[in-house]
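Architecture and fold: a report
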Amino acid sequence: MSTKFLSRLALMCGGSLIAASAAYGQEAPPPAPAPEDDVANEIVVTGTQIQGAKINDVLPVTVLDETDIANVAATSGDELFRAIPQAGAVAFNEQNDVSSNNARGDAASINLRDLGTGNTLLLINGRRMVLNPGFQTELLVPVVSPDTNEIAPGSVRRLEVLRDGASAIYGADAVAGVVNTVLRGNRKGGFIEGEYRNSDGTGLYSTQINGGYGFDFAGGRANLTVYGGYFYENGMDASERAYSADDDKTPLLVGTPFEGDTQFNNRNTFGPFGQFDIQITNNNQTPIRDDDFYLQPSTLTGCRLELGNGLCARNGDNPAVGVRYNRAFGTTLISEKTRINAVALFNYEFSNNVEGYFEGTYYRSESSRNITPAAILSAVPVGISRNAYWNPFGPVTFPGGAANPNRVPGITVPAGGADLIMERYRFVDAGNRTVDVDKDSFRLVAGLRGNFGAWDFDTGFVYSEARSTDLEGNRVSLTLLQQAINKSTSDAYNPFNGGCVTGDPGNDDCTPNPASAIDPFRISVFRTGGTSLALADFKVSNSALFALPGGDVGVAAGIEWRRETFFDDRDPRIDGTITWTDSVTGVFDGSDVAGTSASPDTRGVRTAYSGFLETFVPLVSEDMDIPLVSALNLQLAGRIEHFKDIGETAIVPRAAASWTVVPGLMFRGAWSQGFRAPNLVQVNDEGTTRSNTRDDFVRCQAQVEKGVIANLGVCPGEGIISFRSGTDQLRPEDSESINLGTVLEPAFIPGLTLTADYWRVKQTGLVGVFGDDNAIALDLLLRQNGSSNPNVIRAAPNAEQIALYQGTSLAAAGDIIRVLDPYINLDSRVSKGWDFGLAYNVPEFGLGKFRLRFNAARLESFVQSAGADGQTLVDAVANGDLPPEVRIEGLGQLLEIEGRPKWRYSGSINWGSGPFDASLFASYVGKVWNTSVSRDVPLVSDDPNANFFRVDDMLTINTAISYTFEDGGALEGTRIRLGVNNLFDVDPPLADDTYGFFSALHSPRGRVFRVDIRKTF
């Protein structure tokens, strides 16, 4: 780092204090004292970097201590973090597994306030975690997150959730807040614990064993604490739950307003009954009288050409409902998984003023599951040669003179046969795809802390890496497939034999090809990824720099260097090394894997430098005896952060204050600015293609004007290739946060704390894509005015297309080749909500100890506003320049849309008396609208969402009772605990989603019985 930049950094950090900003407020009272073996070296960093400052009561922090963590009874970090009401939808989850482009395996994300994955900073002992190696798209842009499953609940002493923007304190990624995980160090003695769980009514079970030991040495100046854990879960098939067993959910809607609604039948048009296009000029050359046809059992209506073996061909390009495929068949709902984790914590007092410390963690996960068989993409059909052995419209005789036994009678196709294009097909006879994901992660931290005089200091170095391998079996190579299909001998692959002609045609394939025909094109496809984090920092603080009448002024300052890397290595058949050129049509595609678009290898490096300055100023204290101002405190902070790879520097301030009116009644408020740098994938993605089904509004508008179709609402979708690319010209997203709240601790009810906080976050310059559907809509709007959208690249119109457009308001347009959809700083968003908290340690009254906790999050508003081009489309629809059937998605009020419920809350009651302890824990997730389903007969309502399907709320209750042997003997220190999670066996509410529920919100585990035995020594 140059001297010039260092000087600028120091000057701007100092200057930012004047403009600056930072103050928090505490939602929960300070945590109960830690266990006796765990009290040394208390780490309380969330919300402030001033060690020892008396500001804990003004921090907007939710604290989950060991009792709270035990109440949740989680086996993974994901389950633990989902119990926090302020945590939003979990985009990285194991049910979100359908694409190799997703972050698959035993991984989970964190998303405070529902502001989006990547807006929450996750810390361990006050320093950031490495990102998960896999990334996936959210709102069509790649997002990244630490993996919360790397945090084993058994090693956590407490969670501190800062529910306010903290970019000024911690830097990028802290827009929505910070979650700090404090590990259990300085243990004296050991424990071993084993647990067994079973999901009621299923074969799902899990076992785990954990242990730890800690001891002092070197005359009490040093401590080493180690933990280890092993977890195994056997997995659950989708068939074990009614809501996930079938893509057709209509039987589950009986007795509801949506009974019989076909929108809940999500069986897929890609199945073993293929859909084809005959390459002929005269449709009357076959009894089908159409160049498009699909296969079906002869028992279904509409047959036009019998093919034998119970099969027939029906005209059209949209397979009938009766033959559509159940993609849930043979799939896994909960993966088989293994987790191993190990933690070592060491500290050594070199002197009374200096202590060294070390943290080492290792985590490994392995997961296996089955997903639906591979299918081709609609935008990448496969040519079948006229000489292919099984082509029913092949030649009378094959080259060489052999008679063709498979040419169907009753056709006038030329004797030389006709080529076919296979437009829809799923390789069910190749078997369900298998997905095996292995991940390893480690973290090393070394540092020194202590004091010199009145100044505390902490300096450390972090190095962390994560590596994952995603191996998917039973995939299909397009090149090898086409070779197998186009053989002119009987050992060719036969895509014309359909599936099951009796029973349910949507399940399985009753006429599979032999393995000898499938194995030549069956392949495995890998995706490997890696991330690393190197971080060095130096922080100083002084809680009593000088005294004011209101108390001691505290100050903290620090600098940080951070280097992050990532790589995403795709299989050669996907990254462009091995491509596919259709030997029949000559069409090229960058991916040789059926069903997966081309994705290049991607890698990136980021170096960031930052500095911060923070101060705490007590303006008024109780000793000053000012009426209605028992205390008045101010906290200010500022940070500057420079990102070398994008050449951007962010400067953010923060200011906050707390006003104690009288003892027990406090008001607090905070204002801050924040930033989030575009992630490394968004910056370094050289260009990713994705195939989506989209409406070509231009062609369909011509069809409307010609009377071919009634309106754009029935525009038939087609496969469109979208090309998304990153750039180092992206700017950091900016944010502004406001937090206002009150804390009430009435003296007449000792032990009770009540809190209420209002928050508002405005984000601008959100990184996104305009969207290929929006780009096509803009193309229609511009073509109505004589121009076009250059991002929609089209082929020259052919004669048929020229004829279609003749006499319409539009110039002739050819087929869409691709849509350019780069990542850009686009929309803005304003979110508002409330948090409510209650903590009550009930005074002793002779019936044991009672402890009550309640935490609620109310999302009041979530409004996304369009950028310039998006607003152009919105205005065009509003004033009639675009038809009303053109919908601009993802804008406006998004409260309760998909994954943003109004209410979430959790509450617990704990009771203890002697060796007995009991707990009751409740978790609630509110209702949301499922916008992919709407009423066939619309209701007249002022609510714009009233016609969507309402996904119900979900309340689950956990309970447990334990007994600890305390009377000496061999069982001394042994605890036996029996518990039930989801006591009333509540199913996740039905939704129009892959497995029948919103996996980002709800769990399919049902009622879980658990028993654990713990021995301390």
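Residues numbered from 1 in each chain as written. Predicted model: local features only at pLDDT ≥ 70, side-chain atom pairs only at ≥ 80, totals over all residues. Heavy atoms only, no water.

For the rest of this paragraph, the subject is the overall build of the protein. Looking only at helices and strands, the protein has 11 helices and 48 strands in total. Here the C-alpha radius of gyration of the protein, 31 Å, is about what a compact globule of 1017 residues would show, namely 31 Å. In terms of principal-axis extent, the alpha carbons of the protein reach across some 100 × 70 × 60 Å. Looking at the protein residue by residue over its 1017 residues, the buried ones come to 58%. Sequence separation of at least 24 residues holds for 74% of the intrachain contacts in the protein that already meet a minimum separation of 6. Surface summary for the protein: the accessible area is close to 38800 Å², and the carbon and sulfur share equals 56%. Once the 84 positive and 122 negative side-chain charges of the protein are each reduced to a mean point, those two points are 1 Å apart. (Helix = DSSP H or I, 4+ residues; strand = E, 2+ residues; numbered from the N terminus. Rg over C-alpha atoms; globule rule 2.2 N^0.38 Å. Buried < 20%, exposed > 50% of the residue type's maximum accessible area, 1.4 Å probe, protein only. Contact = heavy atoms within 4.5 Å. Areas by Shrake-Rupley, 256 points an atom, 1.4 Å probe, with all protein chains shown as cover. Lys, Arg positive; Asp, Glu negative; His and termini not counted. Charge placed at Lys NZ, Arg CZ, Asp CG, Glu CD.)

Looking now at helix α9 (residues 772–783). With 12 residues, α9 extends 16 Å from end C-alpha to end C-alpha; this agrees with the ideal 16 Å at 1.5 Å per step. Along α9, 10 of the 12 residues are buried, which leaves the element largely enclosed by surrounding structure. Among all positions of α9, only D772, N774, A775, I776, A777, L778, D779, L780, L781 and R783 are buried. Looking at the buried positions of α9, the neighbouring elements they touch are β31 (688–694), α8 (697–705), β32 (718–724), β36 (792–794), β37 (816–820) and α11 (868–878). (Expected span 1.5 Å × (residues − 1).)

Next up on the list: the sheet that holds strand β12 (residues 275–278). Reading across from one edge, β14-β15-β13-β12-β20-β19 is the order of the six strands in this open sheet, with antiparallel pairing throughout. Unpaired on one side and paired on the other, β14 (305–308) and β19 (382–384) mark the two borders of the sheet. The average angle at which neighbouring strand axes cross in this sheet is 35°, direction not considered. Most of the contacts of helix α5 (residues 478–485) go to β19, to which it runs at about 15°, and overall it touches β19 and β20 (420–424). (Pairing = 2+ DSSP bridges. Axes fitted to C-alpha atoms, helices over the stretch in contact; angles between N-to-C directions.)

With that settled, the discussion passes to the nonpolar core. F293, F393, M422, F427, L481 and Y493 are the most contacted members of the largest nonpolar core, which has 42 residues in total. Looking at this core, the elements with two or more residues in it are β12, β13 (292–297), β15 (311–315), β19, β20, α5 and α6 (515–518). In terms of residue count, the dominant contributor to this core is α5 (four residues). Discounting chain neighbours no more than four positions away, the residues touching F393 are I278, T286, I288, F293, L305, R407, V408, I411, V413, G417, A418 and L420. The next biggest cluster of nonpolar side chains, apart from the first, holds 37 residues, and it includes A74, A87, V161 and Y227. (Core = buried A, V, L, I, M, F, W, Y, C linked by side-chain atoms within 4.5 Å.)

A few words on α5. Those residues of α5 that fall on the buried side of the exposure criterion are L478, L481, Q482, A484 and I485. Taken around the axis of α5, the buried residues stretch over an arc of 160°, which confines them to a single face. (Arc of directions from axis to C-beta.)

A positive phi is found at R289, a non-glycine position, where the angle reads about 55°. Phi is positive for D985, close to 55°, though the residue is something other than glycine. Here D985 falls in the partly exposed class, since its relative accessible area comes to 27%.

Turning our eyes to something else, we now look at the sheet that holds strand β1 (residues 61–64). The strand order across the open sheet built from five strands is β1-β6-β7-β2-β3, with neighbouring strands paired in mixed fashion. Among the strands making up the open sheet, the edge pair consists of β1 and β3 (127–128). As paired strands, strand β6 (residues 156–162) and strand β7 (residues 177–183) are joined by six bridges and run antiparallel to one another. Bridge pairing in β7 links V161 to V179.

Throughout this description, disulfide means a covalent bond between two cysteine sulfur atoms. Following the criterion strictly, the structure yields three disulfides and no others. Put simply, C500 and C510 are joined by a disulfide, and their sulfur atoms are 1.9 Å apart. Taking the torsion about the S-S bond as the criterion, the C500 to C510 disulfide, at about 90°, is right-handed. Of this pair, C500 sits in the loop between α5 and α6 while C510 sits in the loop between α5 and α6; the two residues are 10 residues apart in sequence, bridging distant segments of the chain. Taking the relative accessible area as the measure of exposure, C500 reaches 3% and is therefore buried. In this model, C700 is linked to C715 through a disulfide, with the two sulfur atoms separated by 2.0 Å. Where C700 bonds to C715 through sulfur, the torsion about that S-S bond is close to 70°, and the disulfide is right-handed. Placement of C700 in helix α8 and of C715 in the loop between α8 and β32 is noted, with a sequence separation of 15 residues between them. Take C700: its relative accessible area is 0%, and that puts it in the buried class. What makes C715 buried here is its relative accessible area of 7%. (Disulfide = S-S within 2.5 Å.)

It is worth spelling out the packing of α9 against α11 at this point. At a minimum axis separation of 10 Å, α9 and α11 run at an interaxial angle of 60°. When the axes of α9 and α11 are compared, the pair comes out oblique. As for how α9 packs across α11, the hand of that crossing is left-handed. Two secondary-structure elements touch here, α9 through N774, A777, L778 and L781 and α11 through D869, T872, L873 and A876. (Parallel < 35°, antiparallel > 145°, perpendicular 65-115°, else oblique. Left-handed = near helix turned anticlockwise from the far one by under 90°.)

This part is about the packing of aromatic side chains. Across all of its chains, the model carries 34 aromatic pairs by this definition. With 5.7 Å between their ring centres and 80° between their planes, Y243 and F997 make a pair best called edge-to-face. With Y243 in the loop between β11 (236–237) and β12 and F997 in the loop between β47 (974–981) and β48 (1008–1016), this residue pair connects regions lying 754 residues apart in the sequence. Residue classification places Y243 among the buried residues on the basis of a relative accessible area of 6%. Note on F997: relative accessible area 1%, which makes it buried. Plain terms: the ring middles of F258 and F949 are 5.2 Å apart, the flat faces sit at 85° to each other, and that makes the pair edge-to-face. Of the two residues, F258 is situated in the loop between β11 and β12 and F949 in strand β45 (residues 948–951); the sequence distance between them amounts to 691 residues. We note that F258, like F949, is buried. Taken together, the aromatic side chains of Y213, F215, F217, F346 and F1017 make up a single cluster linked through ring pairs. (Phe/Tyr/Trp six-rings, centres within 6.5 Å; stacked < 30°, edge-to-face > 60°.)

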